[in-house]
Amino acid sequence: LTFIDKAINLQPKNSEYRYDKSYIEGMAVVRTLLNLDRDYTAKELNQTHNALAKAILLERQAPEKPDSHILRGQIYSALRDYKRAKEAIQKALVLDPKNSFALVRMAVVDYNSKRIEAARSNLNSAIDANPNFKWAYLWHGIISSDNGKIVEARKWFNKALKVDPRFGLAFYNRGWSYLK
């Protein structure tokens, strides 16, 4: 964000920089929400509403891009509103059917909605679209682990680590698989 702010100072009329800033700020809110292990505070809910507003502005600025729908889907998913999350991510996939990030986010929504086979199918589609997308391997591993398939889960975590040998979440989940 610091870099983008400097770019905006140099070129204040550049709408792409402002677009990127809004998207990153919105995803930062999502990250906060996803990592909470308690109820949201009023401040966090206000930030969420601001991020939703930014998603709408992004959609109006660049209706051909899937980012605004992905952001909105991420926010709804973090709020555990899986119906609206799925609708938003489906819009992103209409715009970009091979978007690995959107496919993985759809898989997570499916998984959280107890649609395991749909989740696996979306993860496989993400891998088909981008064989080096570590997040698809990670989520395959998480789903396998949560369903008691520990050896299979480790194979997925190892594939994620093959793509990115410094992928902390893959190490973390692989470690937990040994505790299970």
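Just above sits the structure.
Residues numbered from 1 in each chain as written. Predicted model: local features only at pLDDT ≥ 70, side-chain atom pairs only at ≥ 80, totals over all residues. Heavy atoms only, no water.

Draft legend 1. Structural view of the overall build of the chain. A tally of regular secondary structure across the chain gives 10 helices and 0 strands. Starting at the N terminus and walking to the C terminus, you meet the elements of the chain as α-α-α-α-α-α-α-α-α-α. At 17 Å, the chain has a C-alpha radius of gyration in line with the 16 Å of a compact globule built from 180 residues. Projected onto its principal axes, the C-alpha coordinates of the chain cover approximately 55 × 35 × 30 Å. Scored against the burial criterion, the 180 residues of the chain give a buried share of 43%. Taking the intrachain contacts of the chain between residues at least 6 apart in sequence as the baseline, contacts between residues at least 24 apart amount to 48%. Looking at the chain as shown, the accessible area adds up to about 10400 Å², and 53% of this sits on carbon and sulfur atoms. In the chain, 30 side chains carry a positive charge and 19 a negative one; their mean positions are 3 Å apart. (Helix = DSSP H or I, 4+ residues; strand = E, 2+ residues; numbered from the N terminus. Rg over C-alpha atoms; globule rule 2.2 N^0.38 Å. Buried < 20%, exposed > 50% of the residue type's maximum accessible area, 1.4 Å probe, protein only. Contact = heavy atoms within 4.5 Å. Areas by Shrake-Rupley, 256 points an atom, 1.4 Å probe, with all protein chains shown as cover. Lys, Arg positive; Asp, Glu negative; His and termini not counted. Charge placed at Lys NZ, Arg CZ, Asp CG, Glu CD.)

Draft legend 2. Seen up close, the side chain of Ser77. Mapped onto the elements, Ser77 comes out in helix α4 (residues 67-78). For Ser77, a relative accessible area of 6% corresponds to the buried category. Apart from the residues within four sequence positions on either side, Ser77 is in contact with Tyr82, Ala85, Val109 and Asn112.

Draft legend 3. Main features of the nonpolar core. With 46 residues, the main nonpolar core has Leu71, Val104, Leu123, Ala136 and Trp139 as its most contacted residues. Contributing elements (two or more residues each) for this core: α2 (15-34), α3 (42-61), α4, α5 (82-95), α6 (100-112), α7 (116-129), α8 (134-146) and α9 (150-163). Excluding its chain neighbours within four sequence positions, the residues that come into contact with Val104 are Leu123, Ala126, Phe133, Trp135, Ala136 and Trp139. (Core = buried A, V, L, I, M, F, W, Y, C linked by side-chain atoms within 4.5 Å.)

Any functional reading would require information that these geometric values do not contain.
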